[in-house]
There are 2 protein chains.
Amino acid sequence: MVTIKDVAKAAGVSPSTVSRVVKDHQGISMDTKRRIRKIMDSMGYSPNIAARNLVTNRSFTIGLIIKSAVHEAVLNPFFAEVNYGVSEACRKEGFSTLMTSANDDEDLFGEIKDMINSRQVDGFILLYSKEGDPVAKYLTEINFPYVVIGKDISNSQDAIYVDNDNVYASHMITDYLLDEGYSDIRMITDNDIFAVAKDRIKGFSRALEKRGVSPEGRILKCRNDSNSVRKVLEEIFSGGSPDVILTLDGVVNARVVSELYQGGYRIPEDVATVTFNDSPLTEFASPPQTTVDIFPGELGREAGNEIIDLIRNPDKLKKNIIIPTSIIERQSTKRRMPDESDGMERV
Amino acid sequence: MVTIKDVAKAAGVSPSTVSRVVKDHQGISMDTKRRIRKIMDSMGYSPNIAARNLVTNRSFTIGLIIKSAVHEAVLNPFFAEVNYGVSEACRKEGFSTLMTSANDDEDLFGEIKDMINSRQVDGFILLYSKEGDPVAKYLTEINFPYVVIGKDISNSQDAIYVDNDNVYASHMITDYLLDEGYSDIRMITDNDIFAVAKDRIKGFSRALEKRGVSPEGRILKCRNDSNSVRKVLEEIFSGGSPDVILTLDGVVNARVVSELYQGGYRIPEDVATVTFNDSPLTEFASPPQTTVDIFPGELGREAGNEIIDLIRNPDKLKKNIIIPTSIIERQSTKRRMPDESDGMERV
C-alpha cells in the first residue's frame, strides 16, 4: 500500500503538502497540484474519497442540469457532446459529474434542493437559458456556484455564461447560402421559447432584410414529430419549390431529410438542406448535411473549467465566454456537375 | 432543518431504523426502505452523503466500463441508451453512476484499479464481452462485484451476464427477410472480434444454410469509414444487384444508406436495407430503417438492478439474463405499390 509519505518522498515535498493537494487546498499552486497528482497516479496512491470529502466538506462533483424529458436528452447528440466536454474538464481536476434531467419544473427543483442539502454537488452547470427560470433564481439567491451554457439574458452578472453567438451564426449561414446563389430560403423551427431559438430566428431575419428580402412567411413552426414536419413541407412546396431549407437543429433536420426522401425529392438537386448543430445524425445523413458546428464539446469543457474555478475562488469576477461557430460544407448544398461526382457510381 | 427524528416520527419507526435505511442496512426489508426513502424525499431530509459513505465504507456509485475511444462511445446511441437504463435503475436505489472509457487496455486497467482503491465505486458494469479480457479477469481475482452486458463466453459463473441472444436475433431477421420474398441477402460488418459480431454472423449463416443457401461470399467486412463502405458496396453491385443489405449496427447502416443515396440507388425500390440496433440514427434515416431492436435501455436496467443486488448480497447465485429482441418494420424494406404511399406526394 502506497502511503502519503511515499508520495511526499517521491515528489520531494512534505507529507502535509501532499495532504493539502488531496484536499484541493487553496494555498497550493495549480502547477504543484498537477505535478503531485501525476506522481500519485503513477505510484498508484488512492486517498479514501469519502474521508477526504467529509474533511473538506466537498463532494468534488458537478451537477449537470438539463431541461427536457430525460430520455430525449440522453439521445440528443448535442447533450452527449456537451456532457463529454464537461466530464473531460472535470476529470482533469479530480471532479466527477452527475446528470439531472426533468421536464417538470417542480420535480427538477426538488431534486436540485436535495442535491445541495446532502452536499452531493459543489456546483451546477445549467444546459439551458430561459427567462424567469426558477432554478437559476434559487441558485443565485442562496449564492450556490453555477455556470450557464446558454445566453446571458438578464445581463445581471449573477452567473458565468458560456455560449455561441447564435445571432451571428445564423446571420453567417444565411449570408453563405445567399452568396452561393440560393435565393429562396425557408427556415423550419420546432421552438421559439428558448434564447437559442430566438437568436437564430433573429439572425436569419436580419441577414435577409439586409439584402432587401422580407423574412415574412419564410419562418415556419413545426412540432418535433414526422406528421407535423410533413405538413410544413407540404405547405412550403404547395407554393412552388424553395432553393434551400434551414432547420433549427439536427433532429428536426433529420425529420425534414427523411420526409423529402419519401416524397421523392433529391437533395441538393431538387432542394438543398442546411442545419444548426453538427453531429453523427448530420454527418451520416443521406446525403451528409451542411451544418453550422457550434462546438458543443468546447462549450462543455469551458463550462467545466469555469465552474471548478468558481468553486475554488467564489469571489471571482463573473464573465461571459463566447465559443466560435463554423460552417461545415457537405453534399446537401453542393450543386454538383454530373461528371464531378465523388460518390459511388450507379452501374 | 429536518432531522432523522422527524422522519422517524412521520414514518412511525424508531430513529435507528431510519439511520439503517440511510446506510442501506441488510436487516431492513426493501419495501420498508422504499417507503421510508419516499418519506425522506417528501420531507426534504438529506443525509450528509460523505459521512454516510465513510461510515458504511460504500460509495453508492456504480462504474460503467466501455471499451472504445471515449468520444466514439459517447456518441454511439447504443451506449447512451444502456447508460440511461443503468442510471434509471441505480437512481431508484440511491446509487450514482460513473462512466469510464478507453481504447487502451493499460490505461483502462490503471483507472479501474484506482477507482477500486479509492473506494470510488462499489461495483462495475462491463459493456462488452471479449475473450481473455484482463479487466474481467482482475475483478474475478479480487472478488469485486461486476456484471457484464454481453455474452457469457467462459460459462464459468464468475459473473452475472445480461445479454440478447444474438444468434437467435440474426436468425430471426434473416428468416423474416427470406419470408418477405428477398432471396439475395448480403451482410456488411465492421467487426468480427467481439462476441456480439461473431454471434450475429453465425445466426445469419445458419438461417441461410437451413434454406439451402450458401453464406459464402455473402458476408462482407468493412472498416467504420465511408471509403471502406463505398468500396464494399461497389464490390457487391459489380456482381449484379442484391435484394437487401443487412448491417451489423446502426452506425455502419447510416454509412451504407448515405453511400447508396449518393450512388443514386433508391431504398427499398433498388435495394432494401436492414440493421441491428434501433436508435434515432435508424428511426430518422432516409428512409426510416427496418431494424432489430435489442432494447439497450432494458439491458442497462437489468444490469443496474443486478449489480446493486450483488453488492447487497455478495454470495448470491450468478445467473445469466437474456433480454428478447424484436423486429421494427419501416420503409427501408417496404415494397410499396405506387398508390399506397403514406408519405408526402411530390407535386
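In this text the structure is predicted, and so the values were computed from the model without any measurement. (Residues numbered from 1 in each chain as written. Chains lettered and ligands numbered in written order. Predicted model: local features only at pLDDT ≥ 70, side-chain atom pairs only at ≥ 80, totals over all residues. Heavy atoms only, no water.)

Novice: Hey, could you go over the UniProt feature "domain: HTH lacI-type" (unreviewed entry) in chain A for me, with residue numbers and the actual values?
Specialist: Feature annotation in UniProt assigns "domain: HTH lacI-type" (unreviewed entry) to the following positions: residues 2-56 of chain A. The span residues 2-56 of chain A is 69% helical and 0% strand by assignment, and the distance between its end C-alpha atoms comes to 22 Å. (UniProt positions renumbered as here; feature names shortened; annotations may be inferred. Helix = DSSP H or I, 4+ residues; strand = E, 2+ residues; numbered from the N terminus.)

Novice: An account of the relation of the copies chain B and chain A is requested, with residue identities and associated values reported.
Specialist: For these two chains of identical sequence, chain B goes onto chain A by a turn of 180° and a shift of 0.1 Å along the axis, with RMSD 0.0 Å. On this basis, the relationship between the two copies can be described by a two-fold rotation axis. Among all residues of chain B, the one whose C-alpha sits closest to the rotation axis is A50 of chain B, at a distance of 2.6 Å. A shared interface surface links the copies, since 100% of the contact residues of chain B are contact residues in chain A too. (Least-squares fit on C-alpha atoms with pLDDT ≥ 70 in both. Contact = heavy atoms within 4.5 Å.)

Novice: Mind laying out the side chain of D199 of chain A, listing which residues take part and the relevant values?
Specialist: Residue and element names in this part refer to chain A. Within the fold, D199 resides in helix 10 (residues 195-210). Looking at D199, its side chain comes within polar contact range of the side chain of K151, at 3.0 Å. Dropping the residues within four chain positions of it, D199 is found in contact with K151, N166, V167 and S170. (Polar contact = N/O pair within 3.5 Å; in protein donor to acceptor, adjacent residues only side chain to side chain.)

Novice: A description of unusual backbone geometry should follow, citing residues and the corresponding values.
Specialist: Residue and element names in this part refer to chain A. Cis rather than trans, the peptide bond between S286 and P287 has omega equal to -5°. Topologically, P287 is positioned in the loop between helix 13 (280-283) and strand 10 (290-293). Located in the positive-phi region is N143, a residue other than glycine, with phi close to 60°. Along the polypeptide, N143 turns up in the loop between helix 8 (134-141) and strand 4 (146-149). When its relative accessible area of 67% is taken as the criterion, N143 is described as exposed. (Buried < 20%, exposed > 50% of the residue type's maximum accessible area, 1.4 Å probe, protein only.)

Novice: So what's going on with the domain arrangement of chain A? Which residues, and what values?
Specialist: Residues and elements named next belong to chain A. Domain parsing of chain A yields domain 1 (61-164 + 296-324) and domain 2 (166-293 + 328-336). Inter-centroid distance (C-alpha atoms) of domain 1 to domain 2 is 29 Å. At the interface, 13 residues of domain 1 touch 13 residues of domain 2. Across the domain 1/domain 2 interface, buried area totals approximately 890 Å², and carbon plus sulfur atoms make up 56% of it. Applying the counting criterion to the domain 1 and domain 2 interface returns 1 salt bridge. Our count for the domain 1 to domain 2 interface comes out at 2 residue pairs in polar contact (both at pLDDT 80 or more). When contributions to the side of domain 1 that touches domain 2 are tallied by element, the ones reaching two or more residues are helix 6 (77-92) and strand 5 (160-164). In the side of domain 1 that touches domain 2, the residues fall into 6 nonpolar, 3 polar and 4 charged. (Domains from an automatic or database assignment. Buried area = accessible area lost by both parts, 1.4 Å probe. Salt bridge = Lys/Arg side-chain N within 4 Å of Asp/Glu carboxyl O. Nonpolar A, V, L, I, M, F, W, Y, C, P; charged D, E, K, R; others polar.)

Novice: Let's hear about the environment of I173 of chain A: which residues, and what values?
Specialist: All names here are of chain A. Residue position: I173 is located in helix 9 (residues 166-179). Overall, the relative accessible area of 0% leaves I173 in the buried class. Residues within four places of I173 in sequence aside, it is in contact with L246, V274, F276, V292 and I327.

Novice: Before we move on, can you summarise the interface of chain B and chain A with the specific residues and values?
Specialist: Listed as interface residues are 62 residues of chain B and, on the opposing side, 62 residues of chain A. With both chains or domains summed, chain B and chain A bury close to 5,800 Å², and 56% of this area falls on carbon and sulfur atoms. For the pair chain B and chain A, the interface holds 2 salt bridges. Put simply, R91 of chain A and E111 of chain B hold a salt bridge, and the shortest N to O gap is 2.9 Å. Scanning the region where chain B abuts chain A turns up 14 residue pairs in polar contact (both at pLDDT 80 or more). Elements supplying a minimum of two residues to the side of chain B that touches chain A: helix 4 (49-56), helix 5 (70-75), helix 6 (77-92), strand 2 (96-101), helix 7 (105-117), helix 11 (226-238), helix 12 (250-262) and helix 13 (280-283) of chain B. With 9 residues, the single largest contributor to the side of chain B that touches chain A is helix 12 of chain B. Of the residues contributing to the side of chain B that touches chain A, the split by class is 31 nonpolar, 16 polar and 15 charged.

Novice: How would you explain the sheet that holds strand 10 (residues 290-293) of chain B if you had to name every residue and give the values?
Specialist: Residue and element names in this part refer to chain B. Strand order in the open sheet made by the 6 strands is 7-6-8-9-10-12, with mixed pairing throughout. Only two strands of the sheet have a single partner each, and these edge strands are strand 7 (219-221) and strand 12 (326-328). The average undirected angle you get between the axes of adjacent strands in this sheet is 20°. When strand 10 meets strand 12, the two strands line up antiparallel, connected through 3 bridges. (Pairing = 2+ DSSP bridges. Axes fitted to C-alpha atoms, helices over the stretch in contact; angles between N-to-C directions.)

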